[in-house]
Each structure stands twice: as structure tokens, then as C-alpha cells.
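So you can see what is in the structure, the chains are spelled out below.
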Amino acid sequence: AAALARTASIASSSHNNTVVMNNNNGGGGRKLLARGTRLRQRRQRRRRRDVTISPSSSLSADSASSSSSSQSGTTNDEFIPQSYWVAESQTQFIAETKLPTDKGFYRLRGYRHRGPKTHVITEPTCMIYGNVEGLENVPVRVHDACFTSEVLGSLKCDCKQQLDMALEYIRDNELGVVIYLEQEGRGIGLANKIAAYKVQESGADTVDANRKLGLPDDIREYSAVRNIVDDLNIKSVALMTNNPRKINELEKEGVNVTSRIPCVTKANLFSEKYLEAKERRMSHVLNDSWRYFDNAGQVFESKDEADAKGDFSDYSMTWDEEDELGNIAAKGIH
């Protein structure tokens, strides 16, 4: 009550100098609102100038530290704000850090890239094992994002398996790079990919589903890869892929591809038709990994057909076992 009384007293004593915001005030209130809006806009412009730099400008460690402290409370003298401005078809290096994972310890580098055709800014990353700078024939996997398999665990494709295989390969060989690009669904985007999945429910394969929606088969571009390879001073690469188009596109960009490392995974009941379409319609080199073989060498289109008609009479291995040489019983190639 005392506080309310004091507030009323202050309002009464300063009535002549205060603009009261009510229906009777008319233009005065609107003027005050407009003035307040202009002041806020000026403050926001000043704030943006304080924390944004262009790639061609420089910023001292002291001023960067002051700016970062005002924004987030940090006192890290090495923090330098980075601009979201990226020149056309330019890939801008942002930072590198050490990353512990369930597969091992990697170097993780972050970039920003503006696509030469779409002008959309994406953020490519690369996982590195070992010191690849200045070397030839470096094992490199160029991997495009697949939210449905890598995050949600979808079994409709082999993307997560290929990513895991590539990361394990460079770890086991103690050298290599996995470049990760934000090109979901062969470049059509996540929402369109989900729409294509819906069309596939009626029996269409991955190629026909895209075409029924008026979408291209594959619109991925790899200018960011060329720039990242140049940034790391890699002289030539041994590309981990099954896709001839990817090799051709990288060579067009100027990447020196000296050899190919197969990246063939084991199919499952949900990915069989997808892998079949990749090999038959998009020329991926999968060595019939989506098919089933029996002990007599007969080929079957499905596991059910192989179980019903296949000859496994003298074969002791089950579907998921390996022999002492690491050979898979009936499908898949490592």
C-alpha cells in the first residue's frame, strides 16, 4: 500500500512533464512510441556492428574479448566473432576442435559455404583422423546428410551404415577425412524427401518417386569439397564411394581423385529396393549386395524367396554370421 501511495504521488507531481498513454492522449503517445522504436533500432544496429566482421577485416583480441563478454559473459581472449557473410561459391573456415566420439578421437573442422547456384549458405564439416595436410592419396568420404537414418534410425537406406564405415575406416587406417555436407535427399531437402517416401509407399522406387513429384534425381554439388580439400592442402584423394557420378562431379571441380575405395554395406529387408534402384538406375557399384545368394550360387531377389528356394543344405553359417575370413554368409560385402 505504501508503495502504491508513493507511485501515485510521483505520478501526480510529474503530471505536467509525463505523456500519459491513454485514448485521450492522441498524437503524443504515437510520437513517443515512434521515437522509442527508432531508438531501439539504432541500438540494434550498433550491437550488430559490434559483433559482426567481414572476412576482409580484422579484429584485435582485446576488442573481440570485450564484445564476446558483453554478449555471453565469457572472457575468452581468443574468441573472434565470425560473420555470416560468405562470398559466392566461397567456403569460409570457421574453427577446428578435438572431438571424442564412440568411435575414437577425431579433429572436427567447421566451415560456411555459399552454393554457386542456390546462393544458400550451408555449414559443411569434416572429421579428420591424423595429419592429412600436404599428403597424396588421402582416404576421403564425401557424405551427404541423412536425417532420417543418422538421427531417427531409418532402415530405408544405407546412409548411416556408410557414414559409420567411413569413420571407422579412417580410424583403423589412422588417416583420412569424412566431409559432411548438408544436402539431404540427394539435394532435394528433408521435407521433399519425406514426400518422396510417401510416394514410395505405393510401390515407386527412389528415382520414380522424385520424378512423380517433379523433383530431380540428384542435384548435389561439390564446390565446398574442392575448397575444403584445398584448405587442407590435400594433393590427391582415394575416394570412399560407390557412386560414379560423385567421382565425375569432384573431378569437374578440380579434385584429384586417384582411386576408389568401395563402401558397400549389408542390405536389410527395408533397404533392398533402394539399393537395387541405386545400382540398376543410378549406376552405383554395389556388386549385387542387395541380392541373396544360396550355397549353390543361385541368386534371389528377396530373403523370403531365398529361404523358400535356396540350397543351404551343406552350409553351417547363419544369415548374420561370418567365417574366419570375415565372409558374410548370404548377402552384403565388406
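Residues numbered from 1 in each chain as written. Predicted model: local features only at pLDDT ≥ 70, side-chain atom pairs only at ≥ 80, totals over all residues. Heavy atoms only, no water.

**Observations concerning the packing of aromatic side chains**
Where two aromatic rings form a pair, the distance of their centres and the angle of their planes describe that pair.
Right, on to step 1. Counted according to the given criterion, the structure contains 2 aromatic pairs.
Right, on to step 2. For the pair F93 and Y111, a centre-to-centre distance of 5.6 Å together with 65 degrees between the ring planes defines the contact as edge-to-face. One end of the pair, F93, is in strand β1 (residues 91–101); the other, Y111, is in strand β2 (residues 104–114), and 18 residues separate them in sequence.
Right, on to step 3. Its relative accessible area of 34% is what places F93 among the partly exposed residues.
Right, on to step 4. Plain terms: the ring middles of Y106 and Y129 are 5.6 Å apart, the flat faces sit at 80 degrees to each other, and that makes the pair edge-to-face. Here Y106 is found in strand β2, whereas its partner Y129 is found in strand β4 (residues 125–129), with 23 residues between them in sequence. (Phe/Tyr/Trp six-rings, centres within 6.5 Å; stacked < 30°, edge-to-face > 60°. Helix = DSSP H or I, 4+ residues; strand = E, 2+ residues; numbered from the N terminus. Buried < 20%, exposed > 50% of the residue type's maximum accessible area, 1.4 Å probe, protein only.)

**Things to note about helix α5 (residues 159–172)**
At 3.6 residues per turn, the α-helix brings residues three or four places apart onto the same side.
Right, on to step 1. With 14 residues, α5 extends 20 Å between its outermost C-alpha atoms, agreeing within 8% with the 20 Å of an ideal straight helix rising 1.5 Å per residue.
Right, on to step 2. Among the residues making up α5, those that are buried are C159, Q162, L163, D164, A166, L167 and I170.
Right, on to step 3. Count one or two residues on from α5 and you reach E174, which has phi positive near 60 degrees. (Expected span 1.5 Å × (residues − 1).)

**What about the layout of surface pockets?**
Right, on to step 1. What the largest pocket holds in volume is close to 500 Å³.
Right, on to step 2. What lines the largest pocket is a set of 24 residues, and nearest its centre among them are T118, Q183, I219, R220 and E221.
Right, on to step 3. Here the lining of the largest pocket gets 3 residues from one element, more than from any other, and that element is helix α9 (residues 244–253).
Right, on to step 4. Put simply, the second largest pocket is a space of about 300 Å³.
Right, on to step 5. In terms of lining residues, the second largest pocket is bounded by 16 residues, among which Q200, A204, D205, K273 and Y274 are the most central.
Right, on to step 6. Those elements that place two or more of their residues in the lining of the second largest pocket are α6 (190–200) and α10 (272–282).
Right, on to step 7. Among the elements that make up the lining of the second largest pocket, the one with the highest residue count is α10 (5 residues). (1 Å grid on protein atoms, 1.4 Å probe; cavity = no way out; pocket = protein on both sides within 12 Å on 5 of 7 lines; lining within 4 Å. Points joined across faces, edges and corners; volume = space filled by probe spheres on them.)

**Remarks on the nonpolar core**
Right, on to step 1. Counting residues in hydrophobic clusters, the biggest one holds 23 residues, and the most contacted among them are V142, V177, I179, V225, L232, I234 and L250.
Right, on to step 2. Elements represented by at least two residues in this core include exactly β4, β5 (138–144), β6 (176–181), α8 (223–231), β7 (237–240) and α9.
Right, on to step 3. Looking at this core element by element, the count peaks at 4 residues for α8.
Right, on to step 4. The contact partners of V177, leaving out residues within four places of it in the chain, are C126, M127, I128, V132, V138, P139, V140, R141, I170, L232, I234 and M240.
Right, on to step 5. Ranked by size, the runner-up nonpolar core spans 10 residues in total, among them Y106, A166, V178 and I261. (Core = buried A, V, L, I, M, F, W, Y, C linked by side-chain atoms within 4.5 Å. Contact = heavy atoms within 4.5 Å.)

**Here we look at empty space enclosed by the protein**
Right, on to step 1. Applying the stated criterion across every chain, the model contains 1 cavity of 30 Å³ or more.
Right, on to step 2. Of the volumes computed, that of the largest cavity is approximately 420 Å³.
Right, on to step 3. Taken together, 29 residues form the lining of the largest cavity, with C159, R186, R220, Y274 and K278 sitting closest to its centre.
Right, on to step 4. Looking at the lining of the largest cavity, the elements that each hand over two or more residues are β5, α5, α6, α7 (206–212) and α10.
Right, on to step 5. Broken down by element, the lining of the largest cavity gets its largest block of residues, 4 residues, from α6.
Right, on to step 6. Within the lining of the largest cavity, the residues separate by chemical class into 9 nonpolar, 11 polar and 9 charged. (Nonpolar A, V, L, I, M, F, W, Y, C, P; charged D, E, K, R; others polar.)

**A closer look at the environment of G176**
Right, on to step 1. Tracing the backbone shows G176 in strand β6.
Right, on to step 2. Along the primary structure G176 and V138 are separated by 38 residues, whereas in three dimensions their C-alpha atoms are 5.7 Å apart.
Right, on to step 3. In contact with G176, not counting residues within four places along its chain, are M127, I128, Y129, V132, V138, P139 and I170.

**Remarks on unusual backbone geometry**
Right, on to step 1. In this structure, N137 is a non-glycine residue whose phi angle is positive, near 55 degrees.
Right, on to step 2. Within the secondary structure, N137 is located in the loop between β4 and β5.

**Digging into a nonpolar patch on the surface**
Right, on to step 1. On the surface, F147, V151 and L152 cluster together to form a nonpolar patch covering roughly 300 Å² of accessible area.
Right, on to step 2. Mapping V151 onto the fold places it in the loop between α4 (147–150) and α5. (Patch = residues over 30% accessible without salt bridge, like charges linked within 9 Å, V, L, I, M, F, W, Y side chains within 5 Å. Areas by Shrake-Rupley, 256 points an atom, 1.4 Å probe, with all protein chains shown as cover. Salt bridge = Lys/Arg side-chain N within 4 Å of Asp/Glu carboxyl O.)

**Remarks on the pattern of salt bridges**
Right, on to step 1. One pass over the structure, following the stated rule, counts 19 salt bridges.
Right, on to step 2. In this structure, the salt-bridge partner of D102 is K103, at a minimum N-O distance of 3.8 Å.
Right, on to step 3. Classification of D102 as exposed rests on a relative accessible area of 74%.
Right, on to step 4. Linking R220 and D218 is a salt bridge whose minimum nitrogen-to-oxygen distance equals 2.6 Å.
Right, on to step 5. The exposure class of R220 is buried, given its relative accessible area of 11%.
Right, on to step 6. Members of the salt-bridge network, linked through shared partners, are E96, R107, R109, E133 and D231.

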